[in-house]
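Fold and geometry: a report
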Amino acid sequence: MGVGRIPLLLVEDSPETAFLYEKMLAGAGYQVLVARSLRDARAALAAVRPRAVLLDILLRGEDGWTLLAELKRHPETSGIPVAIVSTIEDEGKAHALGADAYLVKPVAQHRLVQAGEALVAPEAVWRVLVV
């Protein structure tokens, strides 16, 4: 992994789309880990803790909704932000299952980078002294 780069897991079965997204995100400081199937995504998540997941719903013979539900159900992965990036327009279902963002393909580079930034932005920490 590149030094100082933010790891993102991209679950995308199209090699062309994965390559395009890698190029778009690499220039913005992300290290894109590509998984072409749910099995590959699960293996990547077992090996590396990405800061966020970009998930396509329509995978060859597989349903990305399944992975989204699994990620949000398990305590060790429930805090990883997930953005759906798909041709399917079902934002309501995505948010009901716990998705943090929703992008409809085709996605412009600035929208993809903005989504990545929003997903990995550190949450503000407030300290309050109560006397």
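An account of the accompanying structure is given in this report. As the structure is a computational prediction, the values presented were derived from the model and not from experiment.

Some words on helix H2 (residues 38-47)
- All of the buried residues along H2 are Leu 38, Ala 41 and Leu 45. Seen end-on, H2 carries its buried residues on one side only, within an arc spanning 55 degrees. Projecting away from the buried face of H2 at angles above 90 degrees are the exposed residues Arg 39, Ala 46 and Ala 47.
- The inward-facing, buried residues of H2 contact strand E1 (6-11), strand E2 (30-35), strand E4 (58-59), strand E5 (62-63) and helix H3 (64-73).

Digging into the pattern of salt bridges
- Under the counting rule described, the total for this entry stands at six salt bridges.
- When the shortest N-O distance is used, the salt bridge between Lys 105 and Glu 12 registers 2.7 Å. Of the two residues, Lys 105 sits in the loop between strand E7 (101-104) and helix H5 (109-120) while Glu 12 sits in the loop between E1 and helix H1 (15-26), which places them 93 residues apart along the sequence.
- By relative accessible area, which is 18% here, Lys 105 ends up buried.
- Given the relative accessible area of 2%, Glu 12 is considered buried.
- In this structure, the salt-bridge partner of Arg 60 is Asp 13, at a minimum N-O distance of 3.9 Å.

A closer look at the packing of H2 against H3
- Axis separation between H2 and H3 bottoms out at 10 Å; the angle between their running directions is 25 degrees. The orientation of H2 relative to H3 falls into the category roughly parallel. Between H2 and H3 lies a crossing whose hand is right-handed. Residues Leu 38, Ala 41, Arg 42 and Leu 45 of H2 lie in contact with H3, whose contacting residues are Gly 64, Thr 66, Leu 67, Glu 70 and Leu 71.
- Its residues assigned to classes, the contact of H2 with H3 comprises five nonpolar, two polar and two charged.

Topic: H5
- For H5, with twelve residues, the first-to-last C-alpha span of 17 Å sits near the 16 Å given by 1.5 Å per residue.
- Every buried residue of H5 is listed here: Leu 112, Val 113, Ala 115, Gly 116, Leu 119 and Val 120. Angularly, the buried residues of H5 cover 160 degrees about the axis, an arc narrow enough to put them on a single face. Opposite the buried face of H5, by more than 90 degrees, sit the exposed residues His 110 and Ala 118.
- Its buried side turned inward, H5 meets E1, H1, E2, strand E3 (52-55), strand E6 (82-86) and E7.

What counts, and at which threshold
- Residues numbered from 1 in each chain as written.
- Predicted model: local features only at pLDDT ≥ 70, side-chain atom pairs only at ≥ 80, totals over all residues.
- Heavy atoms only, no water.
- Buried < 20%, exposed > 50% of the residue type's maximum accessible area, 1.4 Å probe, protein only.
- Helix = DSSP H or I, 4+ residues; strand = E, 2+ residues; numbered from the N terminus.
- Arc of directions from axis to C-beta.
- Contact = heavy atoms within 4.5 Å.
- Salt bridge = Lys/Arg side-chain N within 4 Å of Asp/Glu carboxyl O.
- Axes fitted to C-alpha atoms, helices over the stretch in contact; angles between N-to-C directions.
- Parallel < 35°, antiparallel > 145°, perpendicular 65-115°, else oblique.
- Left-handed = near helix turned anticlockwise from the far one by under 90°.
- Nonpolar A, V, L, I, M, F, W, Y, C, P; charged D, E, K, R; others polar.
- Expected span 1.5 Å × (residues − 1).

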